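Chain residues, written in single-letter form:
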Protein chains: 2
Amino acid sequence: MFKKIVIFGVGLIGGSVALALKKLPNPPQIVGVGRSELSLQEALTLGLIDHAETDIASALQNADLVLIAAPVAQTPAILKAIRPHLSAQTVITDAGSTKSDVMAYAQAELGQQFNQFVGGHPIAGAEKSGPGAAMADLYVGKNVILTPAAVTGPEAVQKVATLWHHCGALVSNMRPEEHDSVFAAVSHLPHLLAFALVEDLAKRNNAELLFKFAASGFRDFTRIAGSHPEMWRDIALANKQALLQELNMYQQAVSEMTALLENNDDKGLFDLFEHASEARNAWAKSKTQ
Amino acid sequence: MFKKIVIFGVGLIGGSVALALKKLPNPPQIVGVGRSELSLQEALTLGLIDHAETDIASALQNADLVLIAAPVAQTPAILKAIRPHLSAQTVITDAGSTKSDVMAYAQAELGQQFNQFVGGHPIAGAEKSGPGAAMADLYVGKNVILTPAAVTGPEAVQKVATLWHHCGALVSNMRPEEHDSVFAAVSHLPHLLAFALVEDLAKRNNAELLFKFAASGFRDFTRIAGSHPEMWRDIALANKQALLQELNMYQQAVSEMTALLENNDDKGLFDLFEHASEARNAWAKSKTQ
């Protein structure tokens with residue numbers, strides 16, 4: 001179905017799509033575009049892409065699909081650069097972790113051709129980044145959320161869904177604001193909380209002693225604090241309103257838990273911990289079925 | 001060196017010590033004591049213990065060492081029950097996650113024989129519990145902290161250190177208050193924060209939708225929220241003062257981070273995330289060396 005796919009940003013996210021597509025019986029030509037010469041060279045060497053392009057016009061020629069997998073802050077500039085060379089047959093999608101902002105960028109930059117844009121968010125990743133971290137099976141069994149607008153062409157949505165099906169993913173549709181509200185809660189909030197915990201300990205005088213005795217609980221809780229700082233700055237700012245609301249609700253929840261402890265409310269603490277552990281274990285079970 | 005060891009509470013922690021000792025060339029006799037008949041029967045069936053005892057006097061006869069590995073809240077009652085049957089040759093230790101409270105219990109309950117007690121805390125565990133979760137290699141390469149008092153006999157400390165060396169662990173000594181302050185920061189705080197996050201989401205109207213799209217970041221961050229509610233209620237209450245201080249400092253750290261976001265301080269957010277991710281990744285590297 002795909003003959004030529006252009007990927008802006010051939011790191012973990014874009015590179016893993018490229019590797020999955022290369023396993024198809026008739027893999028498309030994959031063209032990589034990026035701001036880093038070094039990453040593009042690495043992607044070529046690793047066989048993620050067939051060509052590295054610096055000229056956008058020639059990259060886009062006869063492209064079926066453009067995947068923007070660069071940091072979200074670069075999306076407006078990429079859309080602006082694409083626009084003059086965009087044929088009516090080329091569908092554009094992205095892989096950003098926030099969607100209201102991306103849909104607004106696309107509407108502003110693509111004008112009449114906004115109906116060729118389908119916002120997307122693959123729910124997969126790792127704390128590692130770069131072309132060397134790419135894996136062909138990164139998306140197998142993972143959720144991908146598409147956030148088409150009212151004007152988006154159904155065939156464009158279908159094309160992007162097919163791209164992700166080729167990667168082994170499960171595709172759902174959501175409104176952009178609903179997407180951002182859900183991910184503020186289940187992803188962006190935990191990331192910020194993990195960054196805050198590590199920073200809280202790392203800046204203390206006895207940080208070395210603390211880190212010496214930090215063990216598996218700390219390891220798992222803070223794994224996401226090893227994530228890419230630029231990416232998470234952009235996500236936090238892009239999803240600011242939903243995230244501020246989540247931070248506020250979480251602080252309230254911690255204050256309520258703290259009050260139970262201050263009041264030696266053993267039943268209250270037990271009930272909270274029991275309810276949370278039951279919910280966590282039920283969730284884990286549902287994910288392995 | 002050990003001929004007879006008595007373990008109160010043959011779950012994950014006590015059972016894993018038993019399994020490690022059974023691998024010695026001349027394994028000691030291992031006697032299990034516990035409040036749950038079912039757990040003791042399971043420990044017998046699994047071969048963790050040689051005998052299950054309900055009579056404390058006969059359990060303690062000729063015992064080299066008593067390991068208290070029951071929930072910390074039971075420690076005073078266990079010490080009280082042991083005292084009348086305690087010979088001068090028997091050393092007592094525990095495996096509780098808090099140490100100031102345990103040392104105070106031991107001093108109160110053991111009187112003159114307090115010098116035979118060595119507080120201990122193996123830094124290992126899993127979210128699973130019970131005899132079936134026990135593993136012979138649970139403690140290999142893990143830290144165990146001993147918190148002897150000024151009056152504790154050096155030969156008692158040596159005996160407990162030897163027990164843990166047999167399990168493959170690295171043994172350090174600390175003052176009880178220092179131990180509790182360190183573990184409030186690196187263990188107890190993250191556990192409470194993980195419980196609070198899961199509870200914060202689980203009680204919402206759209207919890208089902210949220211949990212559907214929660215992925216690997218949420219999984220790791222909340223793994224410790226699947227922990228034993230009774231154990232964590234006891235730990236929280238036992239280490240209340242240090243934990244309240246940690247909760248307070250953490251909420252301040254989150255408030256400062258929230259202010260950066262409110263003010264669109266992109267540099268401030270980037271610096272915080274970068275510093276935290278560097279600290280987290282350096283820590284992870286240090287742990288694998």
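Model, not experiment: these values are computed from the prediction. (Residues numbered from 1 in each chain as written. Chains lettered and ligands numbered in written order. Predicted model: local features only at pLDDT ≥ 70, side-chain atom pairs only at ≥ 80, totals over all residues. Heavy atoms only, no water.)

**Quick notes on the overall build of chain A**
Heads up, the rule is: Strands are runs of DSSP state E lasting at least 2 residues, helices are runs of H or I lasting at least 4, and numbering of each runs from the N terminus. The globule rule used for comparison is 2.2 Å times the number of residues to the exponent 0.38, while the radius of gyration itself is calculated over C-alpha atoms. Relative accessible area decides the class of each residue, using a 1.4 Å probe on protein chains only: under 20% of the type maximum gives buried, over 50% gives exposed, and in between gives partly exposed. Any pair of residues with heavy atoms lying within 4.5 Å of one another is described as a contacting pair.
Helix and strand content of chain A: twelve helices and eight strands. By the compact-globule yardstick of 19 Å for 289 residues, chain A fits well, its C-alpha radius of gyration being 21 Å. Overall size of chain A, expressed as C-alpha extent along the three principal axes, is 70 × 40 × 35 Å. Per-residue burial for chain A yields a buried fraction of 58% across its 289 residues. Considering only contacts in chain A between residues 6 or more positions apart, those separated by 24 or more positions represent 76%.

**Some words on the pairing of strand S7 (residues 143-147) of chain B**
Residue and element names in this part refer to chain B. Note the threshold: Pairing between strands is defined by DSSP: at least two bridges between the two strands are required. Note on handedness: a crossover is taken as right-handed if, strands pointing away from the viewer, the path from the first strand over the helix to the second is clockwise.
Across the five residues that make up S7, a large majority, five, are buried. On S7, burial covers both faces: Asn143, Ile145 and Thr147 on one face and Val144 and Leu146 on the other are all buried. As judged from the four bridges shared by strand S6 (residues 117-122) and S7, these two strands associate in the antiparallel manner. Its bridge partner lying in S7, Gly119 is registered against Thr147. Bridge analysis of S7 against strand S8 (residues 170-173) gives four bridges, and the strand direction is parallel. Residue pairing in the sheet places Leu146 in a bridge with Asn173 of S8. Of the crossover connections in this fold, the one passing from S7 over helix H6 (residues 154-166) to the parallel S8 is right-handed.

**Remarks on the interface of chain B and chain A**
Using the following cut-off: The rule for a salt bridge is simple: a side-chain nitrogen of Lys or Arg has to be within 4 Å of a carboxyl oxygen of Asp or Glu. Distance and chemistry together define a polar contact, namely a pair of N or O atoms within 3.5 Å, with one atom able to donate a hydrogen and the other to accept it when in protein, and with adjacent residues in sequence counting only for side-chain atoms on both sides.
In this complex, chain B contributes 82 residues to the contact, which on the side of chain A involves 82 residues. Counting every contact that joins chain B to chain A gives six salt bridges. When the shortest N-O distance is used, the salt bridge between Asp220 of chain B and Arg223 of chain A registers 2.3 Å. At the junction of chain B with chain A, the criterion picks out 29 residue pairs in polar contact (both at pLDDT 80 or more).

**Thoughts on the side chain of Glu109 of chain A**
Residues and elements named next belong to chain A. Looking at the secondary structure, you find Glu109 in helix H5 (residues 100-110). Glu109 gets classed as buried once you look at its relative accessible area, which sits at 18%. At 3.5 Å, the side chain of Glu109 forms a polar contact with the side chain of Lys80. If we skip the residues at most four places from it in the chain, Glu109 touches Pro76, Leu79, Lys80 and Arg83.

**Let's talk about the domain arrangement of chain A**
All names here are of chain A. Inclusion rule: Each domain span listed reflects an automatic or database assignment of domains. Two parts placed together each lose some accessible area under a 1.4 Å probe, and the buried area is that loss summed for both.
In terms of domain boundaries, chain A breaks down into domain 1 (4-174) and domain 2 (179-288). A separation of 31 Å is found between the C-alpha centroids of domain 1 and domain 2. Counting residues at the interface gives 15 residues for domain 1 and 14 residues for domain 2. Buried surface at the junction of domain 1 and domain 2, both sides included, amounts to about 1200 Å², of which 60% is carbon and sulfur. At the junction of domain 1 and domain 2, the tally comes to one salt bridge. Of the charged contacts in the structure, one is a salt bridge between Arg35 and Glu230, with a shortest N-O distance of 3.4 Å.

**Concerning the packing of aromatic side chains**
Note the following rule: Under the pairing criterion, centres of Phe, Tyr and Trp rings, with the six-membered ring standing for Trp, must be within 6.5 Å; the plane angle then separates stacked pairs below 30 degrees from edge-to-face pairs above 60, leaving the rest tilted.
By the definition in use, this model includes eleven aromatic pairs over all chains. Arranged with centres 5.9 Å apart and planes meeting at 50°, the rings of Phe211 of chain A and Phe218 of chain A form a pair that is tilted. Judged on exposure class, the residue Phe211 of chain A and its partner Phe218 of chain A are both buried. In this structure an aromatic cluster arises from ring pairing among Phe211 and Phe218 of chain A together with Trp283 of chain B.

**Observations regarding the sheet that holds S8 of chain B**
Residues and elements named next belong to chain B. Selection rule: Each axis is a line fitted through C-alpha atoms, and for a helix only the stretch in contact is used; angles between axes span 0 to 180 degrees, taken between their N-to-C directions.
In spatial order, the strands read S3-S2-S1-S4-S5-S6-S7-S8; together these eight strands make up an open sheet with mixed pairing. Each edge of the sheet is formed by a strand with only one pairing partner; in this case those strands are strand S3 (51-52) and S8. On top of the sheet, helix H5 (residues 100-110) reaches strand S5 (91-94), S6 and S7; it is set at about 155° to S6, its chief contact.

**A few points about the pattern of salt bridges**
One side chain can pair with another of opposite charge once the charged atoms of both are near each other. One pass over the full model with this rule turns up 24 salt bridges over all chains. A salt bridge links Lys80 of chain A to Glu109 of chain A, with the nearest nitrogen and oxygen atoms 3.5 Å apart. Remark: Glu109 of chain A occurs in helix H5 and Lys80 of chain A occurs in helix H4 (residues 75-82); sequence separation between them is 29 residues. Under the relative-accessibility criterion, Lys80 of chain A is labelled exposed at 52%. Ionic contacts of the salt-bridge type, sharing partners, join the residues Asp200 and Arg204 of chain A together with Glu246 of chain B into one network.

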